[in-house]
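The residues making up each chain are set out below.
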Amino acid sequence: MALQRTFSIIKPDATERNLTGAVNACLEKAGLRIVAQKRILMTRAQAETFYAIHKERPFFGELVDFMTSAPVVVQVLEGEDAVAKNREVMGATNPEDAAEGTIRKLYARSIGENSVHGSDSPENAAIEIAQFFSGNEIVG
């Protein structure tokens, strides 16, 4: 398989509990390399753009409020089949359904405060990476 990149966010519920290092350790243990990372306070415009696919859903406003409530850590991860590998290590969206040892099983508070986001396809990964990183910020 070819090397692939994916996008990840460590969400406010995890950064508020100082879990960035613990989440990073899970990612690295799974064979993913962090090739770009920065801690930001997402603006409302950034969150609305990022989650635009959910704009018509009833939880959109709550999601935007949550993602702008505290710092997040945005990341570019690299590895073999990185999109699928990251989704596997994150675990199911609902932490109650997540497999033992996954990030969400270990750290998520709820289905809404589920600690991490990961791209669902290589195409979306490229779009999401470009929203937060310029090419010279990604050092593989």
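About the thresholds
- Residues numbered from 1 in each chain as written.
- Predicted model: local features only at pLDDT ≥ 70, side-chain atom pairs only at ≥ 80, totals over all residues.
- Heavy atoms only, no water.
- UniProt positions renumbered as here; feature names shortened; annotations may be inferred.
- Helix = DSSP H or I, 4+ residues; strand = E, 2+ residues; numbered from the N terminus.
- Buried < 20%, exposed > 50% of the residue type's maximum accessible area, 1.4 Å probe, protein only.
- Contact = heavy atoms within 4.5 Å.

Q: Before we go on, may I ask you to explain the UniProt feature "binding site: ATP" (unreviewed entry) in the protein in this structure?
A: In the UniProt entry, the feature "binding site: ATP" (unreviewed entry) is given for Lys-11, Phe-59, Arg-87, Thr-93, Arg-104 and Asn-114. Tracing the sequence through the fold places Lys-11 in the loop between strand S1 (3-10) and helix H1 (12-15). Of the residues examined, Lys-11 reaches a relative accessible area of 7% and is grouped as buried. Setting aside its immediate chain neighbours within four residues, Lys-11 contacts Tyr-51, Phe-66, Met-67, Pro-71, Val-72, Asn-114, Ser-115, Val-116 and His-117. With respect to the secondary-structure elements, Arg-87 resides in helix H5 (residues 82-90). The partly exposed category is assigned to Arg-87, whose relative accessible area is 36%. Leave out the neighbours within four places in its chain, and Arg-87 touches Gly-118, Ser-119 and Asp-120.

Q: Is there a simple way to explain unusual backbone geometry in this structure?
A: Outside of glycine, negative phi angles account for most residues, and trans bonds account for most peptide bonds. At Asn-18, a position not held by glycine, the phi torsion is positive, near 60 degrees. Among the structural elements, Asn-18 can be located in the loop between H1 and helix H2 (20-29). Classification of Asn-18 by relative accessible area gives exposed; the value is 68%. Its identity as a non-glycine residue notwithstanding, Ser-115 has a phi of 75 degrees, on the positive side. Locating Ser-115 in the fold gives a position in the loop between helix H6 (103-107) and strand S4 (116-118). For Ser-115, a relative accessible area of 0% translates into the label buried.

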